[in-house]
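Chain and residue survey
Now for the letters of each chain:
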There are 2 protein chains.
Amino acid sequence: MTEPTLDVVALGNAIVDVLSNADDAFLAERDLAKGGMQLIDQDQATTLYRAMGPGVEHSGGSAANTAVGVAALGGRSAFIGRVQDDQLGEVFAHDIRAAGVIYAPPTAKPGPATARCLILVTPDAQRTMNTFLGASAEIGPDDVDADLVASGRITYLEGYLWDQPLAKQAMRRAASVARDAGRQVAMSLSDAFCVDRHRAEFLELVEGPLDIVFANEAEIMSLYQTDSFETALDAVRGKVQLAVLTRSEKGCVIVAPDGVHDVPASPPTALVDTTGAGDLFAAGFLHGVTSGRGLVDAGRIGAVAAAEIISHYGARPEADLKQLVTGI
Amino acid sequence: MTEPTLDVVALGNAIVDVLSNADDAFLAERDLAKGGMQLIDQDQATTLYRAMGPGVEHSGGSAANTAVGVAALGGRSAFIGRVQDDQLGEVFAHDIRAAGVIYAPPTAKPGPATARCLILVTPDAQRTMNTFLGASAEIGPDDVDADLVASGRITYLEGYLWDQPLAKQAMRRAASVARDAGRQVAMSLSDAFCVDRHRAEFLELVEGPLDIVFANEAEIMSLYQTDSFETALDAVRGKVQLAVLTRSEKGCVIVAPDGVHDVPASPPTALVDTTGAGDLFAAGFLHGVTSGRGLVDAGRIGAVAAAEIISHYGARPEADLKQLVTGI
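No experiment lies behind these values; they were computed from the predicted model shown.

Within chain A one finds 13 helices and 13 strands. Taking 328 residues into account, the globule formula puts the C-alpha radius of gyration at 20 Å, and chain A, at 18 Å, falls close to it. Judged by the C-alpha coordinates and their principal axes, chain A covers about 50 × 40 × 40 Å. Out of the 328 residues belonging to chain A, those deemed buried represent 56%.

A few words now on the sheet that holds strand S8 (residues 152-158) of chain B. Residue and element names in this part refer to chain B. Strand order in the open sheet formed by 8 strands is S5-S1-S8-S9-S10-S11-S12-S13, and the pairing between neighbours is mixed. Here the strands that pair on one side only, and so sit at the sheet edges, are strand S5 (77-80) and strand S13 (259-263). Averaged over all pairs of adjacent strands, the angle between strand axes in this sheet comes to 20°, irrespective of strand direction. Here 3 bridges tie strand S9 (residues 184-188) to strand S10 (residues 212-216), and the two strands are oriented parallel to one another. Looking at S10, one finds that Ser-188 is bridged to Phe-214.

A word on helix H6 (residues 165-180) of chain A. All names here are of chain A. Compared with the 22 Å implied by 1.5 Å per residue over 16 residues, the 23 Å span of H6 between its first and last C-alpha is a close match. Among the residues making up H6, those that are buried are Ala-167, Ala-170, Met-171, Ala-174, Ala-175, Val-177 and Ala-178. End-on, the buried residues of H6 take up no more than an arc of 165°, which puts them together on one face. When the buried face of H6 is taken as reference, the exposed residues oriented beyond 90 degrees from it are Pro-165 and Asp-180. Positive phi shows up at Gly-182, right after H6, with a value of about 80°.

It is worth spelling out the interface of chain A and chain B at this point. Accessible area lost on assembly of the parts is the figure often given for the size of an interface. Every contact between the two is made by 20 residues of chain A and, on the other side, 20 residues of chain B. Counting residues per element, the ones that place at least two in the side of chain A that touches chain B are strand S4 (56-59) and helix H4 (87-98) of chain A. At 6 residues, the largest contribution of residues to the side of chain A that touches chain B is made by H4(A). Taken together, the residues that form the side of chain A that touches chain B break down as 9 nonpolar, 7 polar and 4 charged.

Once that is clear, we can look at the relation of the copies chain A and chain B. After a rotation of 180° and a shift along the axis of 0.0 Å, chain A superposes on chain B with an RMSD of 0.0 Å. Such a combination of turn and shift is consistent with a two-fold rotation axis. Minimal C-alpha distance to the rotation axis in chain A is attained by A:Glu57, lying at 2.4 Å. When the interface residues of chain A are mapped onto chain B, 100% of them again fall at the interface, so both copies present the same face.

All names here are of chain A. Two elements, strand S12 (residues 252-256) and strand S13 (residues 259-263), share 5 bridges in a ladder whose sense is antiparallel. In the sheet register, Val-255 faces S13, and the bridge partner there is Val-260. Turn length for the S12-S13 hairpin, with the two strands adjacent in sequence and antiparallel, is 2 residues.

We now examine the nonpolar core. Within soluble globular proteins, side chains that are nonpolar tend to cluster in buried spots. Counting residues in each nonpolar core, the largest one holds 232 residues, and the members touching the most others are A:Ala67 and B:Ala67. Sequence-distant contacts of B:Ala67, that is, excluding residues within four places in its chain, are made with B:Val8, B:Ala10, B:Ser77, B:Ala78, B:Phe79, B:Ile96 and B:Val101.

A regular strand carries its side chains on alternate faces of the sheet. All names here are of chain A. The element strand S1 (residues 6-11) is largely enclosed, with a buried count of 6 among its 6 residues. Looking at chain direction, S1 and strand S8 (residues 152-158) are connected through 5 bridges and run parallel. Within S8, the position partnered with Leu-6 by the bridge is Gly-152. Sheet topology note: the S1/strand S5 (residues 77-80) ladder contains 4 bridges and is parallel. Note that in S5 the partner of Val-9 across the bridge is Ala-78.

This part is about the packing of helix H3 (residues 62-72) of chain A against helix H11 (residues 277-290) of chain A. When two helices pack together, their arrangement is given by the angle between the helix axes and by the axis-to-axis distance. All names here are of chain A. Across the interface, H3 lies against H11 with an axial gap of 8 Å and an inter-helix angle of 45°. With respect to each other, H3 and H11 are oriented oblique. The way H3 lies across H11 gives a crossing that is right-handed. Where H3 approaches H11, its residues Ser-62, Asn-65, Thr-66, Gly-69 and Val-70 are matched on the opposing element by Asp-279, Leu-280, Ala-282, Ala-283, Gly-284, Leu-286 and His-287. Along the lines of polarity and charge, the residues of the contact of H3 with H11 split into 5 nonpolar, 6 polar and 1 charged.

All names here are of chain A. Here Cys-194 lies in helix H7 (residues 192-197). Taking the C-alpha atoms as reference points, Cys-194 and Phe-26, separated by 168 residues in sequence, lie 23 Å from one another. Apart from the residues lying within four places of it in its own chain, the contact partners of Cys-194 are Gly-159, Tyr-160, Trp-162, Asp-163 and Leu-189.

What follows is about the confidence of the model for chain A. Confidence in the prediction of chain A, expressed as mean pLDDT, is 96, and 100% of residues score 70 or more. Complex prediction metrics read pTM 0.95 and ipTM 0.93.

Right, let's get into the environment of B:Gln44. Mapped onto the elements, B:Gln44 comes out in helix H2 (residues 42-51). Each C-alpha atom of the pair B:Gln44 and B:Phe132 lies 8.4 Å from the other, and the pair is 88 residues apart in sequence.

Consider a sheet: its strands pair through backbone hydrogen bonds, and that pairing is either parallel or antiparallel. Residues and elements named next belong to chain A. The strand order S5-S1-S8-S9-S10-S11-S12-S13 describes an open sheet built from 8 strands, whose pairing is mixed. The sheet terminates laterally at S5 and S13, the two strands that pair on one side only. On average, each strand axis in the sheet is tilted by 15° relative to the strand beside it, whichever way the strands run. In terms of strand pairing, strand S10 (residues 212-216) meets strand S11 (residues 242-246) through 5 bridges, oriented parallel. Counted as the bridge partner of Ile-212 is Leu-242 from S11.

How each quantity is defined
- Residues numbered from 1 in each chain as written.
- Chains lettered and ligands numbered in written order.
- Predicted model: local features only at pLDDT ≥ 70, side-chain atom pairs only at ≥ 80, totals over all residues.
- Helix = DSSP H or I, 4+ residues; strand = E, 2+ residues; numbered from the N terminus.
- Rg over C-alpha atoms; globule rule 2.2 N^0.38 Å.
- Buried ≥ 20, exposed ≤ 12 C-beta atoms within 10 Å, placed from the backbone.
- Pairing = 2+ DSSP bridges.
- Axes fitted to C-alpha atoms, helices over the stretch in contact; angles between N-to-C directions.
- Expected span 1.5 Å × (residues − 1).
- Arc of directions from axis to C-beta.
- Contact = placed C-beta atoms within 7 Å.
- Nonpolar A, V, L, I, M, F, W, Y, C, P; charged D, E, K, R; others polar.
- Least-squares fit on C-alpha atoms with pLDDT ≥ 70 in both.
- Core = buried A, V, L, I, M, F, W, Y, C linked by C-beta atoms within 7 Å.
- Parallel < 35°, antiparallel > 145°, perpendicular 65-115°, else oblique.
- Left-handed = near helix turned anticlockwise from the far one by under 90°.
- pLDDT = per-residue confidence, 0-100.

Here's what the structure looks like:
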């Protein structure tokens, strides 16, 4: 078996984020659940966009943000995801490549536009995401480059993709190619509502093909249908090689074969916009483990990367992450 | 003659800015003049975009920024400019309307894409602009809605438009409609290189149809081909009703029939990105005079609006400008 040439190959939605400030009343009037992600169709996207304030466009996408974070930390990463042959698709491809991630967009096919996520940032720095998946939803197993996946030490899957039948097949294929090549498979549960929609299958994944699972408190508690984080932690213990449970300002808990490790959060320089905090935590953790660091150090690197993202708008790093993590 | 229903009708380029950080070496390698604006074609735009780092997209355009600033200060403004029927055109139209500016894009015609300006921001907060004009360059006299222009107290023209023959006709038509309706005409000289390209015509405009001219030090010195700001100031005196000369951190000088008024700059909370500083100064000044304030107060409002823009990336206000200028 050859040595992997990449650290992380990420599979996820290829999305351009449109960030705008909004107040709680704007969310309440439209029944938008603060802090969550809901899928919207083209008409809903048009209506919501019209009502929103002026926006700023940043490339996003959960696993794509993670791939960028790994590259920013000095790791080698690639991304698999679908865009349309349009201006936002060009923006997405430019930004992820300019960040040092290997990305060859699959050949575009006629159909919906590149995905956009209308993100409303409230004064408490929480983000409420409304995603029009467009072309991103059309990813399928044929888009999974088996050689690329096999070349990555860890294949990282975005839970959000599970909502799309073809994308689900793409994820299953990527996981199977990775395992056949002797690589590891990681996945983020993405969102508590997403877990709720796919609980049975996510439980099978955690107990089956996954080596590493990332979840925040709401997601792991939703997975095991409990109100208690401790109960959820006990439930996941022993089911998967590593469960990395993030708890916002309370830090993270790494559930590993040798025990449970608590890692404190890193304080952000400012609390501006939490978009991408989980994605960048995962980037830091994955960079840590793929560069041979211990689990606690990997958690610390994740905490620093998450703190950087929270301190500004957008889910891609602006500061020099490599420099921020020197000393860990 | 009816009373105007709008304060400012702005005519200019409809552009989406792509902001990216760059260092001085990046500019030097490509012979880009720091702080200036150069026009680039589609091929140059593609080459430069490929070389640039990850970007963030903000709506921009010099006169469009001014129209947004007027609205943010509580004034009534409209914008005239051309976009293509594409994603960036949609972004431009959304953002300017969401900011409270009246904007009805002229019917799109087949041709180049919506304009984009690749803006390289160096660590000293200076911006170097590389503009692919695309659809924006195709504005012509037919796009000037005479009723709209006649309804504005001041018609504000962007000097950059003078580079395009048809756009120049659009500017001449707007100025003529405004004057026939008994309104005032203002213009920004936009850029020292732009002044250099059109000196003779700009001198005719200043001494002819214009009531108010906005220029920074480099622009007014280029107009009168002198190395001395004092010489340029003496030269413009008496040639135009109002010459508003901005001098960055040295504040501004208002050359009026009743004398010359110095107004100090307003200190920004941070020095991040100077993109749009002149546009927002003009917005504040125009809002001041259209709301019946004295010239010095108008200059102070301009200074506060400029300081806000400098303190963050992008050329559209993020803070509540109305609140920032209470007390002036």
